[in-house]
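Analysis of the macromolecular model
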Amino acid sequence: MGERKRPQSVLVVVCTRGGEFLLMRRTRPAGFWQSVTGSLAPGETPRLAAAREVREETGLRVGGALIDMRHSVLFPIIRAWRRRYAPNVCFNREYWFALVLESRRRVRLNQREHLEYRWLPAQAAAELTGSWTNRDAIRALACTFR
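Throughout what follows, the structure given in this document is the object of discussion.

About the thresholds
Residues numbered from 1 in each chain as written. Predicted model: local features only at pLDDT ≥ 70, side-chain atom pairs only at ≥ 80, totals over all residues. Heavy atoms only, no water. Core = buried A, V, L, I, M, F, W, Y, C linked by side-chain atoms within 4.5 Å. Buried < 20%, exposed > 50% of the residue type's maximum accessible area, 1.4 Å probe, protein only. Helix = DSSP H or I, 4+ residues; strand = E, 2+ residues; numbered from the N terminus. Contact = heavy atoms within 4.5 Å. Expected span 1.5 Å × (residues − 1). 1 Å grid on protein atoms, 1.4 Å probe; cavity = no way out; pocket = protein on both sides within 12 Å on 5 of 7 lines; lining within 4 Å. Points joined across faces, edges and corners; volume = space filled by probe spheres on them.

**What to know about the nonpolar core**
Grouped together as the largest cluster of nonpolar side chains are 20 residues, with contacts concentrated most on Val12, Val14, Val54, Leu66 and Leu99. At the level of secondary structure, the elements contributing two or more residues to this core comprise β1 (8–16), β2 (20–26), α1 (46–58) and β6 (91–101). When near neighbours in sequence (up to four residues on either side) are disregarded, Leu66 contacts Val12, Arg47, Ala50, Ala51, Phe97, Ala98 and Leu99. The next biggest cluster of nonpolar side chains, apart from the first, holds 18 residues, and it includes Cys15, Phe21, Val73 and Val100.

**Considerations on α1**
End to end, α1 covers 18 Å across 13 residues, agreeing with the expected 18 Å (1.5 Å per residue, within 8%). Regarding α1, the residues found buried are Ala49, Ala50, Ala51, Arg52, Glu53, Val54, Glu57 and Thr58. Against β1, β2, β4 (36–39), β5 (66–76), β6 and β7 (114–121) lie the buried residues of α1. Remark: Gly59 follows α1 within two positions and exhibits a positive phi of approximately 80 degrees.

**Let's talk about the layout of surface pockets**
In this structure, the largest pocket encloses a volume near 980 Å³. Every residue lining the largest pocket is counted, 37 residues in all, and those nearest its centre are Lys5, Thr37, Trp81, Arg84 and Tyr85. Contributions of two or more residues to the lining of the largest pocket are made by β1, β4, α1, β5, β6 and α3 (132–142).

Here it is, written out as structure tokens:
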């Protein structure tokens with residue numbers, strides 16, 4: 001087996017100032033929509049991982065625009081995915097970030113990870129995502145647009 005994943009990850013909610021949220025449909029599991037996510041590499045900080053994941057998954061370069069939401073969530077790792085981690089690792093710590101754009105941008109998907117993307121209003125994005133942490137992060141960020 002290759003290198004084990006760190007049980008730490010980032011969630012980056014990408015949205016426009018007008019309140020549209022970017023969601024991408026994963027290749028696996030089928031029908032699973034989410035914001036930008038990814039595990040931290042060895043020695044990588046959450047902020048660097050967030051910028052790297054945005055670039056890898058969307059082609060967007062964040063520069064200094066990444067906003068640390070100063071929130072993290074601990075959640076159980078789905079049993080089917082635990083083999084990617086060291087033995088007895090059952091929980092992952094997810095750090096939340098936001099990227100607020102002036103308007104919609106064309107996204108260049110990484111075809112190994114995502115099949116399509118949509119820009120959606122907050123409520124529709126929150127309902128479509130398959131992740132409760134993603135839903136909570138979208139709702140938290142949407143409150144800043146009201």
